[in-house]
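Structural features, examined
So you can see what is in the structure, the chains are spelled out below.
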Amino acid sequence: MRTAYSVKTVRAAERALMARLPEGALMQRAAAGLAVACGDLLRRNGRVYGSRVVLLVGSGDNGGDALYAGARLARRGAGVRALLISPDRAHEGGVAALRAAGGLVEEAAQVRTDRIGRVDLVVDGITGIGGRGGLRPDAAALVRAYRATGAPILAVDLPSGVEADTGEVLGDAVRADATVTFGAYKPGLLVDPAADLAGALHLVDIGLGDELPDVPDLEALQYADVTALLPVPGSESDKYRRGVVGIVAGSARYPGAAVLAVGGALRGGAGAVRYVGPGAGAVIARHPETLVHTGPPSKAGRVQAWVVGPGLGDGTDAVSAVADVLDAEVPVLVDADGLRLLDAAVVRSRTAPTVLTPHAGEAAALLGVPREAVEGERLAAVRELAARYRSTVLLKGSTTLVADGTGRAPVRVNPTGTSWLATAGSGDVLSGLTGSLLAAGLDPRDAASAGAYLHGLAARHASDGGPVSAQDVADAVPAAWRDVRA
């Protein structure tokens, strides 16, 4: 599992470790790892010896890391040039080390960016994890000039200009091709919009492990974690033991939502699916194994979980169906139209688990804020939603986030998302898939996390780098499941 910690936590761990180490040892560990990563990038496009490396150096420890790493590269035959953005506050030891190794140190303000020449690698050491707001105009102009060279940019700890704890981008920021981070991942490296600027991530172990708390601020599941969660039928299993999920979805206007949600549930491993709604004909035509009922949901038969909302519309029947499902004493997933029709007080008072699966616009409506506020502060938004509704919340988007209503568990970020999932009906498939995992007995946070993981993996399978439909994604869920369990 990939875990991330806040700036406050990382700094406390660094202080505890530095108290036991010789002065400067921690920075040398970071610089050594950074130099290795720089060398790897340079070798992909040629070699270290004779390459030309530019360091963009700010006033913090990240600038020191870049300077010491530059010194190591210079001793290996690279031509290293450091541009000091704040010369009077640059790391003195790092400057001295680079000069001693044969590197060139200049004031950035004196450099003519219209005569850059050949560059093989740019190292972003402008701001560190404590940086706030976007880049200053002079630094932003420097970054743009070197980005225009086409040379890869490697960020030190995180791209300068992004918020380490939240993933916000509040102004100009570096778009890195790769980021080398030290000791622990920071939340902003895993959460958009900042995560989109980080490029490939590489974690350098500097010895913080024993100093970090057991519970991180953020975590991302990997294959092995999802494998451990997925239910596999035993020899004594039957359709009821595997889990029966009820789907209340679709309308005259959106009949396909019912088909997609049921398909997601069936391919997600449900032992049986009970469908309630006006789309029974379309559902049976596509999925003849589905058990259909005219409603209300409470009369449809036994289920272990309900999914309500995809394509439901907003008529009186839809309002009644959402209320009926929320009155059930089993886990309930609410999506799409169901999110608009739910009674917040009823959701908060439920004793059985509730999972809400909004996209940014729906989350904004639930919180009463502009959509831009959710998109810019996704981590804060998902935490606030989970706390306000006392529910597990799966916030869909470029990086899907899952938070539980207690506030005690780390927020989970899904690493398998792909932009090809931005297609009509994709969320309906995710709802059915996650509902099937709820019915199988996974706790809401695990069901939402595993559902998002499989959903993203299925889209990657289906797309193979090209466009996909929601039905393509649903059809690829079994392949994703097999991949995880391989």
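Here goes a summary of the coordinates provided. Please read all numbers here as calculations on a predicted model, not as lab measurements. (Residues numbered from 1 in each chain as written. Predicted model: local features only at pLDDT ≥ 70, side-chain atom pairs only at ≥ 80, totals over all residues. Heavy atoms only, no water.)

1. Some details on the side chain of Asp404
By secondary structure assignment, the location of Asp404 is in the loop between β17 (401–403) and β18 (411–413). For the buried Asp404, no salt bridge is present, and the opposite-charge side chain at shortest range is Arg445, 5.3 Å distant. Among the polar contacts made by the side chain of Asp404, one reaches the main-chain amide nitrogen of Gly407 at a distance of 3.3 Å. (Helix = DSSP H or I, 4+ residues; strand = E, 2+ residues; numbered from the N terminus. Buried < 20%, exposed > 50% of the residue type's maximum accessible area, 1.4 Å probe, protein only. Lys, Arg positive; Asp, Glu negative; His and termini not counted. Salt bridge = Lys/Arg side-chain N within 4 Å of Asp/Glu carboxyl O. Polar contact = N/O pair within 3.5 Å; in protein donor to acceptor, adjacent residues only side chain to side chain.)

2. As for unusual backbone geometry
Of note, the bond from Asp192 into Pro193 is cis; its omega dihedral lies within 30 degrees of zero at 10 degrees. If you trace the backbone, Pro193 turns up in the loop between β7 (178–182) and α6 (195–198). In this chain, Gly295 is followed by Pro296 through a cis amide linkage whose omega measures 0 degrees. Residue position: Pro296 is located in the loop between β12 (291–293) and β13 (305–308). Backbone geometry at Asp157 places phi at a positive 75 degrees, although glycine is not the residue there. Topologically, Asp157 is positioned in the loop between β6 (153–156) and β7. Positive phi values are uncommon outside glycine, yet Ala336 reaches one of about 50 degrees. Relative to the assigned elements, Ala336 resides in the loop between β14 (332–334) and α12 (337–341). Here Ala336 falls in the buried class, since its relative accessible area comes to 16%.

3. Side note on helix α14 (residues 360–367)
Counted residue by residue, α14 has six buried out of eight residues, so it is predominantly covered. Turning to α14, its buried residues number three or more, namely Ala360, Glu362, Ala363, Ala364, Leu366 and Leu367. On its buried face, α14 sits against α12, α15 (371–376), α16 (378–389) and β16 (392–395). Once α14 finishes, Gly368 follows within two positions and takes phi at roughly 70 degrees, a positive value. (Contact = heavy atoms within 4.5 Å.)

4. Side note on the pairing of strand β5 (residues 121–125)
β5 sits mainly inside the fold: five of its five residues count as buried. The two faces of β5 match: Leu121, Val123 and Gly125 on one face and Val122 and Asp124 on the other face are all buried. Pairing of strand β2 (residues 52–57) with β5, which is carried by five bridges, proceeds in the parallel orientation. Following the sheet pairing, Leu55 is matched in β5 by Val123. Bridge count for β5 against β6 is three bridges, and the pairing is parallel. Directly across from Asp124, in β6, lies its bridge partner Ala155. Each parallel crossover has a hand, and the one from β5 via helix α5 (residues 137–147) to β6 is right-handed. (Pairing = 2+ DSSP bridges. Right-handed = clockwise from strand over helix to strand, strands pointing away.)

By themselves these figures say nothing about function.
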